[in-house]
Amino acid sequence: MSMVVILLGPPGVGKGTQAVRLADSMGGEHVSTGDLLRAARRDGTELGKKSKELMDAGELVPDDLILDLVRDHLKGVAPEASILFDGFPRTTAQADGLDRVLEEAGRRVDKVVLFEAPDEELTKRLSGRRSCMECAAVFNVSFKDSEVDGICDRCGGPLIHRVDDEPETVMRRLEVYQSQTAPLVSHYENHDAKMARVSADQPADDVYRAFRTALGLDWA
Ligand code: AMP
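Figured I'd write up the structure that's included with this text. Worth saying up front: this structure is predicted, and the values here are computed from it rather than measured.

When helices and strands are tallied, the chain shows nine helices and eight strands. Its C-alpha radius of gyration of 16 Å places the chain within 12% of the 17 Å reference for a compact globule of 220 residues. Sorting the 220 residues of the chain into buried and exposed places 49% on the buried side. Restricting to contacts in the chain with at least 6 residues of sequence separation, those with at least 24 account for 70%. Total accessible area on the chain stands at roughly 10900 Å², and carbon and sulfur atoms take up 50% of it.

What follows covers the site of the ligand. The local shell around the ligand holds 16 residues, among which Thr33, Arg38, Glu59, Arg90 and Gln94 are the closest. In the environment of the ligand, a nitrogen atom lies 3.0 Å from a nitrogen or oxygen atom belonging to the backbone of Gly87. Between the ligand and the protein, one listed contact pairs a nitrogen atom with a side-chain N or O atom of Arg90 at 3.0 Å. Per element, the largest residue contribution to the shell around the ligand is four residues, and it comes from helix H2 (residues 33-43). For the shell around the ligand, the class distribution of residues is six nonpolar, four polar and six charged.

Here we take up the pattern of salt bridges. Under the definition given, this model contains 18 salt bridges. Of the charged contacts in the structure, one is a salt bridge between Lys52 and Asp56, with a shortest N-O distance of 3.2 Å. Of this pair, Lys52 and Asp56 both sit in helix H3 (residues 46-57), four residues apart, which is roughly one turn of the helix. Note on Lys52: relative accessible area 42%, which makes it partly exposed. Judged by relative accessible area, Asp56 falls into the partly exposed class, the value being 22%. Where Arg172 meets Glu175, a salt bridge forms, and the shortest distance between an N and an O atom there is 2.8 Å. In this pair, Arg172 and Glu175 are both assigned in helix H7 (residues 167-181), three residues apart and thus about one turn of the helix distant. Note on Arg172: relative accessible area 29%, which makes it partly exposed.

One way to put it is that H2 packs onto helix H4 (residues 63-75) with a least axis distance of 11 Å and a crossing angle of 95°. Overall, the two elements H2 and H4 adopt an arrangement that is roughly perpendicular. Between H2 and H4, the residues in contact are Thr33, Leu36 and Leu37 and Ile66, Leu69, Val70 and His73, respectively. Here the residues of the contact of H2 with H4 sort into five nonpolar, two polar and no charged.

Let us look at the environment of Asp165. With respect to the helices and strands, Asp165 occurs in the loop between strand S7 (159-160) and H7. For Asp165, a relative accessible area of 1% gives the class buried. For the pair Asp165 and Cys132, spaced 33 residues apart in sequence, the C-alpha separation works out to 14 Å. Among residues more than four places away in sequence, those in contact with Asp165 are Leu126, Ser127, Arg129, Val170 and Arg173. Within the local environment of Asp165, its side chain forms a polar contact with the side chain of Arg173, the two groups lying 2.8 Å apart.

Attention now goes to the pairing of strand S1 (residues 4-8). Look at any regular strand and the pattern is simple: side chains alternate between the two faces of the sheet. Where burial is concerned, most of S1 is hidden: five out of the five residues are buried. What you see with S1 is no split at all: Val4, Ile6 and Leu8 on one side and Val5 and Leu7 on the other are buried throughout. Where S1 and strand S3 (residues 83-86) come together, four bridges link them in parallel fashion. Paired with Ile6 across the two strands is Phe85, which belongs to S3. Where S1 meets strand S4 (residues 111-116), four bridges bridge the pair, whose relative direction is parallel. Within S4, the residue paired with Leu7 across the bridge is Val113.

Procedures and definitions
- Residues numbered from 1 in each chain as written.
- Predicted model: local features only at pLDDT ≥ 70, side-chain atom pairs only at ≥ 80, totals over all residues.
- Heavy atoms only, no water.
- Helix = DSSP H or I, 4+ residues; strand = E, 2+ residues; numbered from the N terminus.
- Rg over C-alpha atoms; globule rule 2.2 N^0.38 Å.
- Buried < 20%, exposed > 50% of the residue type's maximum accessible area, 1.4 Å probe, protein only.
- Contact = heavy atoms within 4.5 Å.
- Areas by Shrake-Rupley, 256 points an atom, 1.4 Å probe, with all protein chains shown as cover.
- Near = heavy atom within 4 Å.
- Polar contact = N/O pair within 3.5 Å; in protein donor to acceptor, adjacent residues only side chain to side chain.
- Nonpolar A, V, L, I, M, F, W, Y, C, P; charged D, E, K, R; others polar.
- Salt bridge = Lys/Arg side-chain N within 4 Å of Asp/Glu carboxyl O.
- Axes fitted to C-alpha atoms, helices over the stretch in contact; angles between N-to-C directions.
- Parallel < 35°, antiparallel > 145°, perpendicular 65-115°, else oblique.
- Pairing = 2+ DSSP bridges.

Written out as structure tokens, the structure reads:
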């Protein structure tokens, strides 16, 4: 079954972890705009240069740049592939833009899953987070460290602590989430796509189980 899913929720809630796990299990396409932007920065593209300061400050990159990025990226995705959007859309303008892009491809958002956890938990997770520069897998020095220090278990790539995971920037990212992204919750409550809520304040395996249930998938 092919579907278009949005993983919605604040930074540090575990959207990336859950998306990677589901994509590994069902072969869907994990589309993280944060990862695409970091790749653009590494490649030194115009978009990467424009985004750097905003990202490092925890601010959002403008909607038009993000929508162009997503539209371009989807050109390389098979039309029948399941898509898991992670960290996108982040504003109602992006949500409307996504509907238009999908409609052009004869597709639509099938399901929105909102992951929720208290701010203290998010801050704790982000401060210990280590992210793979190659495959975007995430680890945590406090409760899910990699087998070898600094090396990704999944692909062998280097693990880093993101600049924007530093405490001051995390506070700003949480504010930005509240003011610009949280309005998407009521937006999607009034949208054709069905929205489900999953508590992310539990062990990752339990979150994953609840995530699959929310999507109507069997326990694989
Ligand atoms: P993430 O990896 O999702 O935490 O994103 C890291 C940073 O990239 C964010 O703090 C924003 O600066 C930028 N970013 C990622 N996705 C978006 C988006 N959909 N809209 C605007 N900015 C984004």
